[in-house]
Amino acid sequence: MGDQSGTMQMYLPKEAIMAIIRESIDVDRRPEEVYQYVMDAGHMPEWQLSAVSAERLDEGPVGIGSKVRVTRHVGRRVMPMTMEVTEYDPPHSWGMRGVDGPVRAQVHGEVEPYDEGRRSHVTIDIDFEGHGMGKVLVPLVVRPQVRKELPRNEQLLKDRLEHTAG
């Protein structure tokens, strides 16, 4: 029959509303090198397919509270967003969260050493919070896009790090 309140119910596939998106990859570089590369905002567009540009908004060394302005393709839109570093534990883990815009990501990354510290196991978790139109964009556009993109991003990260001198 339907909802008696007169509001329309929207049903989404389970994978569109599930929370954290997690992917891992092994990189043939030391954890310190992986961490340094990941935390350098200038490298974001090199290994994140949706990132059009990224720039630090503050001076000095990166740490908790540092901010980055990232412009991303979200579906057919290009959206600027500010990310703030919420966790900074080199070369082990990092965290960032979106502080503005309709789509706000929460990112947690870990770099685990193996092969006596010569290689790294990288895991990235991403979750999203929608504000305003973002409440519709997150389940319909953002989550499906990131589910496809994150494994490709990690492969790009691996390729960039393994095929550059350093």
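Before reading on, note that the structure itself is shown above.
These notes cover the structure that comes with them. Sequence order sets the numbering: in each chain, residues are counted from 1 along the sequence as written. In view of the model being predicted, local features appear only for residues whose pLDDT reaches at least 70, and side-chain atom pairs are presented and counted only at 80 or more, with totals across whole chains, interfaces and linings using the full set of residues. Water and hydrogen atoms were dropped before computing side-chain values, which therefore reflect all heavy atoms in the structure.

Helix and strand assignments come from DSSP, with helices taken as H or I runs of at least 4 residues and strands as E runs of at least 2, each series counted from the N terminus. If you tally the helices and strands in the protein, you get four helices and seven strands. Exposure categories follow from relative accessible area, calculated using a 1.4 Å probe and restricted to protein chains: below 20% of the type maximum is buried, above 50% is exposed, and the middle band is partly exposed. Looking at the protein as a whole, 40% of its 166 residues are labelled buried. Contacts were defined at the residue level, with two residues in contact if any of their heavy atoms lie within 4.5 Å. The long-range share in the protein, meaning contacts at least 24 apart out of those at least 6 apart in sequence, stands at 50%. Carbon together with sulfur atoms contributes 52% to the accessible area of the protein, which is approximately 9500 Å² in total. For accessible areas, the Shrake-Rupley method is used with a probe of radius 1.4 Å. Any residue's cover is judged against the shown protein chains and nothing else.

A few words now on helix H2 (residues 31-38). Residues of H2 that are buried include every one of Pro 31, Val 34, Tyr 35, Tyr 37 and Val 38, and no others. Mapping the buried residues of H2 onto a view down its axis gives an arc of 165°, with all of them on the same face. The arc in question is the one spanned by the directions pointing from the helix axis to the C-beta atoms.

As for its placement among the helices and strands, Arg 118 is situated in the loop between strand S6 (103-114) and strand S7 (119-130). On the accessibility criterion, Arg 118 (44% relative accessible area) is partly exposed. For the pair Arg 118 and Asp 28, spaced 90 residues apart in sequence, the C-alpha to C-alpha distance is 7.1 Å. Ignoring sequence-local partners within four residues, the contact set of Arg 118 consists of Asp 28, Arg 29 and Arg 30.

Moving on, we come to the pattern of salt bridges. Any Lys or Arg side-chain nitrogen found within 4 Å of a carboxyl oxygen on Asp or Glu counts as a salt bridge. Per the stated rule, a full pass over the model turns up eleven salt bridges. Where Arg 22 meets Asp 125, a salt bridge forms, and the shortest distance between an N and an O atom there is 2.6 Å. One end of the pair, Arg 22, is in strand S1 (residues 21-27); the other, Asp 125, is in strand S7, and 103 residues separate them in sequence. With a closest N to O distance of 3.4 Å, Asp 28 and Arg 119 form a salt bridge. Separated by 91 residues along the polypeptide, Asp 28 in the loop between S1 and H2 and Arg 119 in strand S7 bring together distant segments of the chain. Classification of Asp 28 by relative accessible area gives partly exposed; the value is 43%. Overall, the relative accessible area of 25% leaves Arg 119 in the partly exposed class.

What follows concerns empty space enclosed by the protein. Within this scheme a cavity is a closed region of a 1 Å grid, computed over the protein atoms alone, that accommodates a 1.4 Å probe without allowing it to escape, whereas a pocket is open but has protein on both sides within 12 Å along at least five of seven lines; lining residues each have an atom within 4 Å of a point. Grid points are joined across faces, edges and corners, and a volume is the space filled by probe spheres set on the points. Here the structure, examined in full by the defined rule, presents one cavity of 30 Å³ or more. For the largest cavity, the calculated volume is near 480 Å³. Taken together, 30 residues form the lining of the largest cavity, with Gln 48, Arg 72, Ala 105, Val 107 and Ile 126 sitting closest to its centre. A per-element tally of the lining of the largest cavity places helix H4 (residues 134-162) first, with six residues. For this classification, the nonpolar set comprises Ala, Val, Leu, Ile, Met, Phe, Trp, Tyr, Cys and Pro, the charged set comprises Asp, Glu, Lys and Arg, and every other residue, Gly included, is treated as polar. The class makeup of the residues in the lining of the largest cavity is 22 nonpolar, five polar and three charged.

Any functional reading would require information beyond the geometric quantities listed.
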